[in-house]
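A look at the structure
Here is how the chains run, residue by residue.
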Amino acid sequence: MPSPLAHAGWHLEHSYASLPGIFHKASHPEPVRRPALVIFNHTLAASLGLDAALLDSPEGASIFGGNSLPHGSRPLAQAYAGHQFGHFTFLGDGRAILLGEQIAPDNRRWDVQLKGSGPTRFSRRGDGRAAIGPMLREYLVSEAMHALGIPTTRSLAVTLTGESVRRDSLLPGAVLTRIAASHIRVGTFEWAAASGDLDAASALVNYTLARHFPDTPVTDSPALALLNAVAARQATLIAQWQLVGFIHGVMNTDNMALSGETIDYGPCAFIDHYDPATVFSSIDRHGRYAYHNQPPIAHWNLTRFAEALLPLIHPDESSAVSAAQSALKAFPDTCARHQYDGLKAKLGLVSDLPGDRALTDDFLSWMHSSRADFTNAFAALSNGNLPENTNEDAVFHSWHQRWLNRLSAQPLPIDDALALMRQHNPAVIPRNHKVEAALAAATSGDLTPFHQLLAIVTNPFAHGNIPVEFSQPGPANCSYQTFCGT
Ligand code: AMP
Ligand code: MG
């Protein structure tokens, strides 16, 4: 049923649907019993050219719950494959529907997707649904990432369905409305490669270049150009994750977006005390997606991407392989360099001096061995303070003196260096215990803690204005675990 809200600013196009038929399947959201908006993102709606006041309404809930289609929608499910924990699988949108691509007032194109909107032909044995907790978790963490300046999909709305979903227990069902530059994944190319349809794969390459990398110079190998462009964007993205202590938790190739946005907030979490081997996800038994493995896993995923592109890179396989290898060879160093540059900015170092590398390395080693809180240690330095529990810490004090000397050796006055640091070091990240408490309350119907936490984490550089309960890690004796959102 089309929605009566034809004038809410919808301007939907369907460029993805013009790709070959192997990539999509027409598919409708399945109506739900009693759609009700839990949260609606007015700022994001306005930037998309949508009328927030009209949509934050029962009619809007009907759209975002999947009971009526927005004006101009031609809903579809996308096909993709992926390597999950290293194993190849055919997947596809098993619980998501693309409503269309909203053309914003600035002419940018955004996928509008419902997640949890019912079964599709790709659902396998899943119910096509989602529970409120994981959808609010995605809303919160994606909006926090955006506020931290990290490329990410956004969240427009979470809508209760008025139905229960069966997980370990019965939980309130909900639908997330996700906004993304696109939902093209490494796995979309793996799907094309597995189908053996070279024309389809080639159309996808050209489409992705045009949509996400329009400034890429035309060469005789668009596939190689795409590989280079995607690798460059992933190198910056993963470095940004590392620099705020973000662990994605499930970096399967179907969860790596070619746009360079962070996508799929399942078992993700931020580290508290600095330990590079940190893993939160209960399903990640071998630490494949541990904090320190994120750069090498991104490289591994890009290698799967390159494999899917090989026949398009060069008709001769060994030429294709060597071209792909040289395209990806620099990835580890590039990612490490972005991380190093970011670390220098976090420590206020604006020039290059001998000893800088050792200074940054030694700070990380000190944080590791003293189990310092990653976010708070940088935030303390940025505010001219000492990190907690360092009064008697000789290793820290000797490092701190070196750092102060180093700051004096650059032309920038120290106060300006600290001001710069406050722009690079958040005062707050979504603390695991706070996220869990907010989601538990929301699941039993109290949204107050969720709104409080959202307001805090979407203003993460408000140094000096963070209530202490939001900036402290949870009790040290409870080791935090996250569970996949399905
Ligand atoms: P994710 O772990 O969210 O990245 O999902 C991996 C794959 O499982 C994707 O193909 C999803 O569409 C699918 N999936 C996850 N949960 C469900 C569900 N409840 N019903 C159907 N498919 C699902
Ligand atoms: Mg996924």
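Being a predicted model, the structure only gives us computed values, none of them experimental.

Points about the overall build of the protein
Of the regular secondary structure elements, the protein holds 17 helices and 12 strands. Taking 486 residues into account, the globule formula puts the C-alpha radius of gyration at 23 Å, and the protein, at 23 Å, falls close to it. The burial tally for the protein puts 57% of its 486 residues in the buried class. In the protein, the proportion of contacts linking residues at least 24 apart, taken out of those at least 6 apart, comes to 72%. Carbon together with sulfur atoms contributes 54% to the accessible area of the protein, which is approximately 19,900 Å² in total.

What to know about the pairing of strand β6 (residues 87-90)
As judged from the 4 bridges shared by strand β5 (residues 81-84) and β6, these two strands associate in the antiparallel manner. From the neighbouring strand, Gly 82 faces β6, where its bridge partner is Thr 89. Counting the residues in the hairpin turn of β5 and β6 gives 2 residues, including Phe 85, whose phi is positive at 45°.

Side note on the site of ligand 1
Inspection of the region around ligand 1 gives 18 residues, with Gly 92, Gly 94, Asp 127, Gly 128 and Asp 264 positioned closest. Within the contact set of ligand 1, an oxygen atom lies 2.7 Å away from a backbone nitrogen or oxygen of Gly 94. A distance of 2.9 Å is found between a nitrogen atom of ligand 1 and a side-chain nitrogen or oxygen belonging to Asp 127. Each residue belonging to the shell around ligand 1 can be placed in one class, and the counts come to 2 nonpolar, 8 polar and 8 charged. Looking at the shell around ligand 1, you find at least three residues from each of domain 1 (12-180) and domain 2 (186-339).

Quick look at the pattern of salt bridges
Under the criterion given, the structure shown has 20 salt bridges. A salt bridge links Arg 167 to Asp 127, with the nearest nitrogen and oxygen atoms 2.7 Å apart. Taken together, the residues span a long stretch of sequence, with Arg 167 in the loop between β9 (154-166) and β10 (170-180) and Asp 127 in the loop between β8 (109-115) and α4 (132-147) at a distance of 40 residues. Its relative accessible area of 35% is what places Asp 127 among the partly exposed residues. Asp 356 serves as the salt-bridge partner of Arg 406, at 2.6 Å between the closest nitrogen and oxygen. Of the two residues, Arg 406 sits in helix α13 (residues 394-408) while Asp 356 sits in helix α11 (residues 356-370), which places them 50 residues apart along the sequence. Relative accessible area serves as the criterion here: at 8%, Arg 406 is assigned to the buried category.

Focus on the packing of α4 against helix α16 (residues 448-457)
Each pair of packed helices can be described by the angle between their axes along with the distance between the axes. With their axes 9 Å apart at the nearest point, α4 and α16 run at an angle of 20° to one another. The angle between α4 and α16 places the two elements in the roughly parallel class. In this structure, α4 meets α16 at a crossing whose hand is right-handed. Contacts from Leu 136, Tyr 139, Leu 140, Glu 143, Ala 144 and Ala 147 of α4 reach α16 at Phe 450, Leu 453, Leu 454 and Val 457. Residue composition of the contact of α4 with α16, grouped by class: 9 nonpolar, no polar and 1 charged.

A look at the environment of Ala 231
Checked against the element boundaries, Ala 231 lands in helix α7 (residues 222-244). Residue classification places Ala 231 among the buried residues on the basis of a relative accessible area of 8%. With residues near it in sequence (within four places) discarded, Ala 231 still touches Leu 302, Leu 328 and Phe 331.

Some words on the coordination of the magnesium ion (ligand 2)
Of the protein atoms, only Asn 255 (OD1) and Asp 264 (OD) coordinate the magnesium ion (ligand 2), at distances of 1.8 to 2.1 Å. Judged by relative accessible area, which is 17%, Asp 264 ranks as buried.

Side note on the side chain of His 248
The residue His 248 is located in the loop between β11 (246-247) and β12 (269-270) in this model. From its side chain, His 248 meets the backbone nitrogen of Val 250 in a polar contact 3.1 Å long. Not counting residues up to four positions away in its chain, the partners in contact with His 248 are Trp 241, Asn 255, Thr 262, Ile 263, Asp 264, Pro 267, Cys 268 and Gln 294.

Some words on the packing of aromatic side chains
Inspection of every chain in the model, using the stated rule, returns 22 aromatic pairs. When the ring of Trp 10 is compared with that of Phe 64, the centres are 6.2 Å apart and the planes differ by 50°; the resulting orientation is tilted. Taken together, the residues span a long stretch of sequence, with Trp 10 in the segment before β1 (12-13) and Phe 64 in helix α3 (residues 58-64) at a distance of 54 residues. According to the relative accessible area criterion, Trp 10 is buried, its value standing at 8%. Seen from their ring centres, Trp 366 and Phe 396 are 4.7 Å apart, and the 50° between their planes marks the pair as tilted. Placement of Trp 366 in helix α11 and of Phe 396 in helix α13 is noted, with a sequence separation of 30 residues between them. Taken individually, Trp 366 and Phe 396 each receive the classification buried, so the pair is uniform in this respect. A connected cluster of aromatic rings, assembled from ring pairs, spans Tyr 274, Tyr 291, Phe 363, Trp 366, Phe 374, Phe 378, Phe 396, Trp 399 and Trp 403.

Brief notes about the domain arrangement of the protein
Taken as a whole, the protein is organised into domain 1 (12-180) and domain 2 (186-339). In this structure, domain 1 and domain 2 have C-alpha centres spaced 23 Å apart. Contact residues are listed per partner, giving 36 residues for domain 1 and 38 residues for domain 2. The closest approach of N and O atoms between Lys 115 and Asp 264, which form a salt bridge, is 3.3 Å. Applying the counting criterion to the domain 1 and domain 2 interface returns 16 residue pairs in polar contact (both at pLDDT 80 or more).

What counts and what doesn't
- Residues numbered from 1 in each chain as written.
- Chains lettered and ligands numbered in written order.
- Predicted model: local features only at pLDDT ≥ 70, side-chain atom pairs only at ≥ 80, totals over all residues.
- Heavy atoms only, no water.
- Helix = DSSP H or I, 4+ residues; strand = E, 2+ residues; numbered from the N terminus.
- Rg over C-alpha atoms; globule rule 2.2 N^0.38 Å.
- Buried < 20%, exposed > 50% of the residue type's maximum accessible area, 1.4 Å probe, protein only.
- Contact = heavy atoms within 4.5 Å.
- Areas by Shrake-Rupley, 256 points an atom, 1.4 Å probe, with all protein chains shown as cover.
- Pairing = 2+ DSSP bridges.
- Near = heavy atom within 4 Å.
- Polar contact = N/O pair within 3.5 Å; in protein donor to acceptor, adjacent residues only side chain to side chain.
- Nonpolar A, V, L, I, M, F, W, Y, C, P; charged D, E, K, R; others polar.
- Domains from an automatic or database assignment.
- Salt bridge = Lys/Arg side-chain N within 4 Å of Asp/Glu carboxyl O.
- Axes fitted to C-alpha atoms, helices over the stretch in contact; angles between N-to-C directions.
- Parallel < 35°, antiparallel > 145°, perpendicular 65-115°, else oblique.
- Left-handed = near helix turned anticlockwise from the far one by under 90°.
- Donors = N, O, S within 2.8 Å, 3.2 Å for Na, K, Ca; no water.
- Phe/Tyr/Trp six-rings, centres within 6.5 Å; stacked < 30°, edge-to-face > 60°.

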